[in-house]
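Okay, here's what each chain looks like letter by letter:
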Amino acid sequence: MTVWEIVMIQMKNTDKKIAIIRNRKRQSEQVYQDLKQKLKQNGFILTPKNPDIVISVGGDGMLLSAFHMYEEQLDRVRFVGVHTGHLGFYTDYRDFELDKLVENLKLDTGAQVSYPILNVKITFENGDTRTIRALNEATIKRSDRTMVADVIINRVHFERFRGDGISVSTPTGSTAYNKSLGGAVLHPTIEALQVTEIASLNNRVYRTLGSSVIVPKKDKIELVPTRSDYHTIAVDNQTFSFKNIVRIEYQIDNHKIHFVASPSHTSFWNRVRDSFIGECKE
Ligand code: NAP
Ligand code: MN
C-alpha cells in the first residue's frame, strides 16, 4: 500500500458515521466505552443520527433492537454485531475482538452481505392497515383461547388452522423461534419465508399439514382469523396486541438488511454447528 492510499483511507474514516447501540448490561457498557474510544482515535465520527454503520453491542437480541431503531434507513445503513457472550447469528465479533473490528472498518470499502426481511401487513375491520417489518419472525396467537384462522398461500385456501398460533420466519430467523417449533434451518441466501405451526390441534375433525412449509418469494401468505377479539402479534423482540383483525399478509420486504462484509463474517453452516452442535466427537 502506498502512502497516498493510506491517507485516502484515513480521510475516508473521517467521513464514516458510526452509531453504537448497547444494552444495559455492565459488560456491554464497558465494551461500548472501549469501542467508542478506539473508533474516535481512528478518525470515525460517532453519531446516532443518519449513521452509515450501526454497531450493536450485546447479543442477537440487541441486533434485533438496532434493526428496528434504523428500519426506516435500511438502504443506507450497514450493521455490525458485537457479542458479549458466545458468538451469535447476527454478530461477527466477540467483545475481545474490538481491535480486529476497528482494523476491518478501516479497510472497509463498503462491501456488504444482505439478507431478506419479512413484511407483515395487518388489515383491520375499519379498513385501517398497519405494516410491520421483522428480521427474525412474526408470530400470531389468540390472547387466551385457541386461535382459529384460515391459511391462504398464493391465493389457495390451504387449511383452517386451530391451535396456539402460527410463526412466519425469515431465513435468518429460521434458527430462532422457528427452530424451537420444529421448523427447518434455512440458508439465508434462499429468499423464502417459513410458516410454522405452534401446537396445532389435529384430530378427526381438525386437520392441518403438521409440518412447516417454505414459501418462495413470489407467493403471498395470508392469514384470516375467524374471531375478532384480541390477538397477540410478536415481531422479533416486540409484542403487540390487536383487535378486529380482518387479514394479515406476509411477504418478503422490498428492502433487505445489510451487514458489513468482512473476513469475520463466517459461514452460516459454521454458525449453525457452533451454536447447536458444538465440537464433533468421534
Ligand atoms: P431472548 O428471549 O433473550 O432470546 C431468545 C434466544 O434466541 C437468545 O438466546 C437469542 O440470542 C436467540 N436468538 C435471537 N435471534 C436468533 C437467531 N436469528 N438465530 C438464533 N438464535 C437467535 O429474546 P431476544 O434476545 O430479544 O430475541 C428475540 C427472539 O427470541 C425472537 O425473535 C424469537 O426468535 C426468539 N424467541 C424464541 C422462543 C423459543 O425458542 N421458544 C420464544 C420466544 C422468542 P442472544 O442471547 O444472542 O440474544
Ligand atoms: Mn437476547
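Since we're looking at a predicted model, the values are computed, not measured.

J.: Please clarify how unusual backbone geometry should be interpreted in this entry.
T.: One can expect most non-glycine residues to show negative phi and most peptide bonds to be in trans. The phi torsion at N50 lies on the positive side, around 45°, for a residue other than glycine. Note that N50 resides in the loop between β2 (45-46) and β3 (53-58).

J.: How should I be thinking about the pattern of salt bridges in this particular structure?
T.: Oppositely charged side chains are able to pair whenever their charged atoms sit close together. Applying the stated criterion to the full structure yields 18 salt bridges. D92 is the salt-bridge partner of R271, the closest N and O atoms lying 2.4 Å from each other. Taken together, the residues R271 in helix α6 (residues 268-276) and D92 in the loop between β4 (78-83) and β5 (93-94) connect sequence positions 179 residues apart. Considered together, R271 and D92 belong to a single accessibility category, that of buried residues. D219 is paired through a salt bridge with K218; the nearest N and O atoms lie 2.8 Å apart. The class of D219 is buried, set by a relative accessible area of 11%. Residue class for K218 comes out exposed when judged on its relative accessible area of 66%. The network of salt bridges with shared partners includes K16, R78 and D108.

J.: It is not clear to me how the site of ligand 1 should be interpreted in this structure. Could you clarify?
T.: If you check the shell around ligand 1, you find 16 residues, and the closest are D60, H83, E137, T175 and S180. Separating an oxygen atom of ligand 1 from a backbone N or O atom of D60 is a distance of 2.8 Å. Separating an oxygen atom of ligand 1 from a side-chain N or O atom of H83 is a distance of 2.8 Å. Coverage of ligand 1 by the protein chains reaches 60% of its 830 Å² of free accessible surface. For the shell around ligand 1, the secondary structure elements donating two or more residues are α3 (60-69) and α5 (177-180). The element that contributes the greatest number of residues to the shell around ligand 1 is α3, accounting for 3 residues. Across the shell around ligand 1, the residue classes tally to 5 nonpolar, 8 polar and 3 charged. Residues from two domains meet in the shell around ligand 1; each of domain 1 (3-111 + 261-277) and domain 2 (117-254) gives at least three.

J.: When you look at the nonpolar core in this model, what are you seeing that I'm missing?
T.: When a protein is soluble and globular, its nonpolar side chains tend to lie buried together. Core analysis: the largest hydrophobic core is formed by 29 residues, its most contacted members being I122, I140, I166, L223, I248 and Y250. The residues touching I122, leaving out its near neighbours within four places in the chain, are D128, T129, R130, I132, I233, F242, I245, R247 and I248.

J.: Explain the side chain of T172 here, please?
T.: In this fold, T172 is placed in the loop between β10 (156-169) and α5. Residue T172 is classed as buried on the basis of its relative accessible area, which comes to 8%. A polar atom in the side chain of T172 sits 2.9 Å from the side chain of Y90.

Definitions and cut-offs
Residues numbered from 1 in each chain as written. Chains lettered and ligands numbered in written order. Predicted model: local features only at pLDDT ≥ 70, side-chain atom pairs only at ≥ 80, totals over all residues. Heavy atoms only, no water. Helix = DSSP H or I, 4+ residues; strand = E, 2+ residues; numbered from the N terminus. Salt bridge = Lys/Arg side-chain N within 4 Å of Asp/Glu carboxyl O. Buried < 20%, exposed > 50% of the residue type's maximum accessible area, 1.4 Å probe, protein only. Near = heavy atom within 4 Å. Polar contact = N/O pair within 3.5 Å; in protein donor to acceptor, adjacent residues only side chain to side chain. Areas by Shrake-Rupley, 256 points an atom, 1.4 Å probe, with all protein chains shown as cover. Nonpolar A, V, L, I, M, F, W, Y, C, P; charged D, E, K, R; others polar. Domains from an automatic or database assignment. Core = buried A, V, L, I, M, F, W, Y, C linked by side-chain atoms within 4.5 Å. Contact = heavy atoms within 4.5 Å.

Honestly, that's just the spatial picture; any functional story needs more than this.
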